[in-house]
Amino acid sequence: DAGVIQSPRHEVTEMGQEVTLRCKPISGHNSLFWYRQTMMRGLELLIYFNNNVPIDDSGMPEDRFSAKMPNASFSTLKIQPSEPRDSAVYFCASSSRPYGGGNTDTQYFGPGTRLTVL
Amino acid sequence: AQKVTQAQTEISVVEKEDVTLDCVYETRDTTYYLFWYKQPPSGELVFLIRRNSFDEQNEISGRYSWNFQKSTSSFNFTITASQVVDSAVYFCALRNSGNTPLVFGKGTRLSVIA
C-alpha cells in the first residue's frame, strides 16, 4: 500500500515567491496533519484536519501560511510570500479513526518536503 | 499542557553495545498515547511503537524494547546489540485521546560506530 505522498521533495525558491506543498494521505485515513521541522524549534504542528475540516490552525506562523483540504485525498500548504525563515522540512502525516470510536490511530508520515527560501 | 523531554541530545556507542534512550513526559490527561519514531539520515519519520496509558506492559520487538513506567512518567527505549543501521535521530512523542496532534521531544541523535 502507498504511504503518505508529498510533493515536491525539494523546493528552492527566492524570497517573495509563492510556494505550494502538496500531500496525499493514506487512502481511508480521515485525519491529516502538517508539521514543520527546524533545528531551532524541532517538530511542531502547523495545522490539522479531521474529515477535511480544519480543527486547529494555531500553529500556523502567520497569515502568509494557508492550508486547504478540498477532499479526503489531497491537501495543500501554501506560503505567500515566502521568507528565508520559512526554510525547513515540512511533513504531512495521516491517521485513521476506527469506526465505532476508539482512539488508537497512529500517525504515519510522508517523506517530507525540504524547502529552502533564498 | 503536554510536554516531552528527551534529555540526551546525542549518544555515541560502539557497535554491539546496548543503549537506552530516555523519554519523560508531562500531561494532565488520564488517557494518552506515547510513541517512538525513528528519523534515519534519509530524513523520513518511521513509526516504531505506540503505547496507551492503560497498558504498562513492557514490549520487546527483536532488538528493541520499551519500558513504560507511569510512576515516573517515563517511556524509555532500549536497543540491544546496536548496529550501524540504528544510527538515527529518535523522537519520543505524546498525544492525548481523540484525533489530536503529536507533541514531540527534541530528539536524541544516536551514532553507532563500527
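Please refer to the structure higher up on the page.
Rules used in this analysis
- Residues numbered from 1 in each chain as written.
- Chains lettered and ligands numbered in written order.
- Predicted model: local features only at pLDDT ≥ 70, side-chain atom pairs only at ≥ 80, totals over all residues.
- Heavy atoms only, no water.
- Contact = heavy atoms within 4.5 Å.
- Buried area = accessible area lost by both parts, 1.4 Å probe.
- Salt bridge = Lys/Arg side-chain N within 4 Å of Asp/Glu carboxyl O.
- Pairing = 2+ DSSP bridges.
- Helix = DSSP H or I, 4+ residues; strand = E, 2+ residues; numbered from the N terminus.
- Axes fitted to C-alpha atoms, helices over the stretch in contact; angles between N-to-C directions.
- Core = buried A, V, L, I, M, F, W, Y, C linked by side-chain atoms within 4.5 Å.
- Buried < 20%, exposed > 50% of the residue type's maximum accessible area, 1.4 Å probe, protein only.

Trainee: Give me the interface of chain B and chain A: which residues, what numbers.
Mentor: It is common to give the size of an interface as the accessible area that goes away when the parts come together. In this assembly, 19 residues from chain B lie in contact with 24 residues from chain A. Note on chain B versus chain A: buried area summed over both sides is about 1,800 Å², and carbon and sulfur give 51% of it. The largest share of the area that chain B buries against chain A comes from L45(B), N99(B) and P101(B), three residues that together contribute 36% of it. Taken together, chain B and chain A are joined by zero salt bridges.

Trainee: Got a sec to walk through the sheet that holds strand β1 (residues 5-7) of chain A? Specific residues and values, please.
Mentor: Residues and elements named next belong to chain A. The four strands lie next to each other as β1-β3-β8-β7, forming an open sheet whose pairing is antiparallel. The sheet is open, and its two borders are formed by β1 and β7 (65-71), each paired with just one other strand. Between one strand and the next, the sheet's axes are offset by a mean angle of 15°, whatever the strand orientation. One ladder, built from five bridges, connects β7 with strand β8 (residues 74-79); its direction is antiparallel.

Trainee: Before we move on, can you summarise the nonpolar core with the specific residues and values?
Mentor: Residue and element names in this part refer to chain B. W36, F75, F77, Y90 and L110 are the most contacted members of the largest nonpolar core, which totals 23 residues. Of all the secondary-structure elements, those providing two or more residues to this core are β2 (10-14), β3 (19-21), β5 (32-39), β8 (64-69), β9 (74-79), β10 (88-96) and β12 (108-113). Ranked by residues supplied to this core, first place goes to β10 with four residues. Residues within four places of F77 in sequence aside, it is in contact with V19, T20, L21, W36, L48, Y64, S65, W66 and Y90.

Trainee: Give a detailed account of the pattern of salt bridges, specifying residues and quantitative values.
Mentor: Residues and elements named next belong to chain A. Taken as a whole, this structure holds 11 salt bridges over all chains when the rule is applied. We note a salt bridge from K78 to E18, for which the minimum N-O separation is 3.8 Å. Linking K78 in strand β8 with E18 in the loop between β2 (10-13) and β3 (19-24), this pair joins segments that are 60 residues apart in sequence. Among the residues examined, K78 registers a relative accessible area of 31% and is labelled partly exposed.

Trainee: Tell me about unusual backbone geometry, and please be specific about residues and values.
Mentor: A cis geometry characterises the amide bond from S7(A) onward to P8(A), with omega recorded as -10°. Looking at the secondary structure, you find P8(A) in the loop between β1 and β2. Between Q80(A) and the following residue, P81(A), the backbone shows a cis peptide bond with an omega angle of -5°. Positionally, P81(A) belongs in the loop between β8 and β9 (88-95). Positive phi, normally seen in glycine, also occurs at N52(A), with a value near 75°. One can find N52(A) in the loop between β5 (42-50) and β6 (53-56). Assessed through its relative accessible area of 28%, N52(A) is described here as partly exposed. Here A81(B), not a glycine, exhibits a phi torsion of approximately 50°, which is positive. Positionally, A81(B) belongs in the loop between β9 and β10.

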